[in-house]
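Per-entry structural report
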Amino acid sequence: MTTAIAIKNLTKTYANGFEALKGISLEVAQGDFFALLGPNGAGKSTTIGILSTLVKKSGGTVEIFGKNVDSHVYETKLDLGVVPQEVNFSQFERVGDIVMTQAGYYGMPRKLAAERCEKYLRKLGLWEKRNERSRVLSGGMKRRLMIARALVHEPRLLILDEPTAGVDIELRRSMWEFLTELNESGTTIILTTHYLEEAEQLCRNIAIIDKGQIVENTSMRQLLAALDKHLYVVEVESPIDSVPDWGDAPITAKLIDPLSFEITVDAKLSMSDLFRLFLERGIEVSAIRSKSNRLEQLFLSRLTDSREEGSDV
Amino acid sequence: MFSNHKYIAFETIVIKEVRRFTRIWLQTLVPPAITISLYFVIFGNLVGRRIGDMGGFDYMEFIIPGLIMMAVIQNSYSNVVSSFFSHKFQRSVEELLVSPVPNFIILSGFVVGGMVRGLLVGGIVTAMSLFFIDLEIQHPLLTVSVVLLTALVFSLAGFINALFANSFDDISIIPTFVLTPLIYLGGVFYSSALLPDFWRGISAANPIFYMVNTFRYGLLGVSDVPVGVAFMILTGFTIALFIACLVLLNRGTGLRA
């Protein structure tokens, strides 16, 4: 397996004494679509900041495609494209100039830069806006512009820090398609996101970071297989006063209002068995929906577990 | 980074910088030209006629080298400090920091951008001075050298200011409270021969005094200071500031957390 990123014992303590990373180790394979998840302040952006050299690490080593970022600054930066969380281009410059300037920073001759600029602005639906000042772009367009800018030198590794935050559903879906296509063409992608559905849809491997430590690092399939409970909201045809007794069935329920209740069901229980239990208790179901995203449940349970383990120490 | 890539990166920064100040020419090129023209009219012409000669020259002729230098100093400094701080403020400096551009290329690009603006405004002011006097350059090579070095020194100084600045206040404090007094006390409007010994000694500690006088020597052939000493001071400042900028950039001061 060729490794796109190898992080060993990475630590970061900021000048104010805040310990953002407490010795994390992580490997991301070449060609992977990798999710780095965690609550706010967990250390995701610090990790990305160190990879992109915007944050100075306190300890540990970082390698990109087998090259140490400290000793092979030029090579590792050439392999890397970064799409930050916040807009970080000049609001007074034209869209085309922003991408062309970035190409210039990578030493790209003007002809090649112009070709790449057109290629990525077209792919991201911004070619018609190339002569507009960037400040007039919508929020979604600004995010797409940052992706075009990060891709102009065609890096082997693309890091996206919450690329779809604040983007409408339609645009989010089109960005997912674009990123999937990019990953299929060989680009390794690391994604941080607050939309766990996004990580579940796109990523093959995942790491969950909390309070500067990796609390889970596995494949998405394995992680989802570990899900042992499903949470549903059930809507009923006729009003009920209380939730029925489920006997020995692996179910717990809570009444929301006379026409709906919430149930937590063991993952081993099939949907047919579940509906049989409803019928046996005379419950006419008008609708049933999953209350939370599957990954969201796991994410929260892993965080709770890690914090409980931490408090035992 | 290969040298041709470095050159492209350098050229990109310089073009971006020049494009920036020419795009807002009404804020960057016109005001200094108007201000210095007013100096010509008021101090040089109206007041100067009553003053008479200074250092063996008509007062208008005497102050022109200082006014040109004032334009070069203020514009070189303010271009770099405001541009680089804007990059920090808008976080667009991150575009540069994540790219493989070496620090000395980043520094050189911004500094050359500042020098171009300083020299351009200096050129405009020189052209306007021709409406008032017949300018004959006594030592052309020396004149060009000193104006280039001065633009370089103040571009470097502006870069350091921008690295440390955290707010727009921080980029106006040095020009207002340090640079302007040093320029006005740097012999732009008077010869140091007029000063009492104590103040002449104080003037000797002002680097701008040497720059103005060396430039005046280049244009008019007279100076209050030895030209060789002035060149050594200018070169010393250039080397010291260039090294300081690179050390700060390599440390990531004001840029990397």
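Up top is the structure these notes are about.
What counts and how
- Residues numbered from 1 in each chain as written.
- Chains lettered and ligands numbered in written order.
- Predicted model: local features only at pLDDT ≥ 70, side-chain atom pairs only at ≥ 80, totals over all residues.
- Heavy atoms only, no water.
- Helix = DSSP H or I, 4+ residues; strand = E, 2+ residues; numbered from the N terminus.
- Rg over C-alpha atoms; globule rule 2.2 N^0.38 Å.
- Buried < 20%, exposed > 50% of the residue type's maximum accessible area, 1.4 Å probe, protein only.
- Contact = heavy atoms within 4.5 Å.
- Areas by Shrake-Rupley, 256 points an atom, 1.4 Å probe, with all protein chains shown as cover.
- Lys, Arg positive; Asp, Glu negative; His and termini not counted.
- Charge placed at Lys NZ, Arg CZ, Asp CG, Glu CD.
- Buried area = accessible area lost by both parts, 1.4 Å probe.
- Salt bridge = Lys/Arg side-chain N within 4 Å of Asp/Glu carboxyl O.
- Phe/Tyr/Trp six-rings, centres within 6.5 Å; stacked < 30°, edge-to-face > 60°.
- Lys NZ or Arg CZ within 6 Å of the ring centre and 35° of its normal.
- Pairing = 2+ DSSP bridges.
- Axes fitted to C-alpha atoms, helices over the stretch in contact; angles between N-to-C directions.
- 1 Å grid on protein atoms, 1.4 Å probe; cavity = no way out; pocket = protein on both sides within 12 Å on 5 of 7 lines; lining within 4 Å.
- Points joined across faces, edges and corners; volume = space filled by probe spheres on them.
- Nonpolar A, V, L, I, M, F, W, Y, C, P; charged D, E, K, R; others polar.
- Patch = residues over 30% accessible without salt bridge, like charges linked within 9 Å, V, L, I, M, F, W, Y side chains within 5 Å.
- Expected span 1.5 Å × (residues − 1).

**What about the overall build of chain B?**
Across its full length, chain B carries eleven helices and two strands. Along chain B, helices (α) and strands (β) appear in the sequence α-α-α-β-β-α-α-α-α-α-α-α-α when read from the amino end. Against the 2.2 N^0.38 benchmark of 18 Å for 257 residues, chain B shows a C-alpha radius of gyration of 19 Å, consistent with a compact globule. Taken along its principal axes, the extent of the C-alpha atoms in chain B is 60 × 35 × 35 Å.

**A word on the overall build of chain A**
When helices and strands are tallied, chain A shows ten helices and 14 strands. Projected onto its principal axes, the C-alpha positions of chain A cover 75 × 50 × 40 Å. Scored against the burial criterion, the 313 residues of chain A give a buried share of 52%. Relative to all contacts within chain A whose residues are 6 or more apart in sequence, the contacts with residues 24 or more apart total 69%. Carbon and sulfur atoms provide 48% of the accessible area of chain A, an area that totals close to 14,700 Å². Taking the average location of the 39 positive side-chain charges in chain A and that of its 44 negative ones, the two points are 9 Å from each other.

**Details of the interface of chain B and chain A**
If you look at the interface, chain B gives 25 residues, while chain A gives 30 residues. Note on chain B versus chain A: buried area summed over both sides is about 2,600 Å², and carbon and sulfur give 54% of it. Inspection of the region where chain B meets chain A yields three salt bridges. We note a salt bridge from Lys-16 of chain B to Glu-93 of chain A, for which the minimum N-O separation is 3.4 Å.

**Re the packing of aromatic side chains**
Applying the stated criterion to the full structure yields 16 aromatic pairs over all chains. Geometrically, the ring pair formed by Phe-40 of chain B and Phe-132 of chain B is tilted, given 5.2 Å between the ring centres and 45 degrees between the ring planes. Note that Phe-40 of chain B is positioned in helix H3 (residues 30–51) and Phe-132 of chain B in the loop between helix H6 (103–129) and helix H7 (140–164), a separation of 92 residues in sequence. Between Phe-85 of chain B and Phe-89 of chain B the ring centres are 6.1 Å apart and the planes differ by 35 degrees, which places this aromatic pair in the tilted class. Placement of the pair is Phe-85 of chain B and Phe-89 of chain B together in helix H4 (residues 59–89), with a separation of four residues, close to one helical turn. Given the relative accessible area of 2%, Phe-85 of chain B is considered buried. Pairwise contacts between aromatic rings join Trp-246, Phe-261, Phe-275 and Phe-278 of chain A into one cluster. Lys-12 of chain A extends its terminal NZ or CZ atom over the ring of Tyr-14 of chain A, reaching a point 4.9 Å from the ring centre.

**Structural notes on the pattern of salt bridges**
Following the criterion strictly, the structure yields 18 salt bridges over all chains and no others. As a salt-bridge pair, Glu-93 of chain A and Arg-19 of chain B come within 3.6 Å of each other at their nearest N and O atoms. With Glu-93 of chain A in the loop between strand S6 (80–83) and helix H3 (95–105) and Arg-19 of chain B in helix H1 (residues 3–23), the pair connects residues from two separate chains. Glu-93 of chain A gets classed as buried once you look at its relative accessible area, which sits at 8%. The exposure class assigned to Arg-19 of chain B is partly exposed, which follows from its relative accessible area of 29%. For the salt bridge of Arg-276 of chain A with Asp-273 of chain A, the shortest nitrogen-to-oxygen distance reads 3.7 Å. One end of the pair is Arg-276 of chain A and the other is Asp-273 of chain A, both in helix H9 (residues 271–280) and three residues apart, which spans about a single turn. Among the residues examined, Arg-276 of chain A registers a relative accessible area of 42% and is labelled partly exposed.

**What to know about the sheet that holds strand S4 (residues 59–64) of chain A**
Residues and elements named next belong to chain A. The antiparallel open sheet is built from four strands, whose spatial order is S2-S1-S4-S5. Of all strands in the sheet, those with a lone pairing partner are strand S2 (19–29) and strand S5 (67–68), marking the two edges. In terms of strand pairing, strand S1 (residues 3–13) meets S2 through eight bridges, oriented antiparallel. Paired with Lys-12 across the two strands is Leu-21, which belongs to S2.

**Observations regarding the sheet that holds strand S9 (residues 205–210) of chain A**
Residue and element names in this part refer to chain A. Pairing is mixed in the open sheet, where six strands are placed in the order S6-S7-S8-S3-S9-S10. Edge strands, defined here as strands with exactly one partner in the open sheet, are S6 and strand S10 (213–219). Across the sheet, the axes of successive neighbouring strands diverge by a mean angle of 15 degrees, strand direction being ignored. As judged from the four bridges shared by strand S3 (residues 33–37) and S9, these two strands associate in the parallel manner. Bridged to Leu-36 within S9 is Ala-207. Helix H5 (residues 139–151) rests against S6 and strand S7 (157–161) of the sheet, and its axis sits at about 170 degrees to S6. Lying over the sheet, helix H6 (residues 169–184) contacts S3, S7 and strand S8 (188–192), oriented at roughly 145 degrees with respect to S8.

**Some words on the side chain of Ser-92 of chain B**
The topology assignment puts Ser-92 of chain B in the loop between H4 and helix H5 (93–98). If near-sequence neighbours (up to four positions away) are discounted, Ser-92 of chain B is found in contact with Asn-88, Phe-89 and Ser-90 of chain A together with His-87 of chain B.

**Here we look at empty space enclosed by the protein**
All names here are of chain A. Inspection of the entire model under this criterion finds one cavity of 30 Å³ or more. Together, Ile-7, Leu-26, Phe-34, Leu-36, Thr-47, Ile-48, Leu-51 and Ile-190 line the largest cavity. Contributing elements (two or more residues each) for the lining of the largest cavity: S3 and helix H1 (44–51). Sorting elements by how many residues they give to the lining of the largest cavity places H1 first, with three residues. Grouping the amino acids of the lining of the largest cavity by side-chain chemistry returns seven nonpolar, one polar and no charged.

**Overview of the pairing of strand S13 (residues 260–266) of chain A**
All names here are of chain A. A large share of S13 lies buried, amounting to six of its seven residues. In terms of strand pairing, strand S11 (residues 229–236) meets S13 through seven bridges, oriented antiparallel. Opposite Tyr-232, over in S13, you have Ile-263 as the bridge partner. Relative to S13, strand S12 (residues 251–257) runs antiparallel, the two sharing six bridges. Of the residues in S13, the one forming a bridge with Asp-257 is Ser-260. Counting the residues in the hairpin turn of S12 and S13 gives two residues.

**Observations regarding a nonpolar patch on the surface**
Judged by side-chain polarity, Ile-34, Leu-38, Val-41, Ile-42, Phe-43, Leu-46, Val-47, Ile-51, Phe-131 and Phe-132 of chain B come together as a nonpolar surface patch covering roughly 890 Å² of accessible area. By the secondary structure assignment, Phe-131 of chain B is in the loop between H6 and H7.

**Points about H6 of chain A**
All names here are of chain A. An ideal rise of 1.5 Å per residue puts 22 Å on 16 residues; H6 measures up with 22 Å between its terminal C-alpha atoms. Within H6, burial applies to Leu-171, Arg-172, Met-175, Trp-176, Phe-178, Leu-179, Leu-182 and Asn-183. At the exit of H6 stands Gly-186, carrying a positive phi of roughly 115 degrees.

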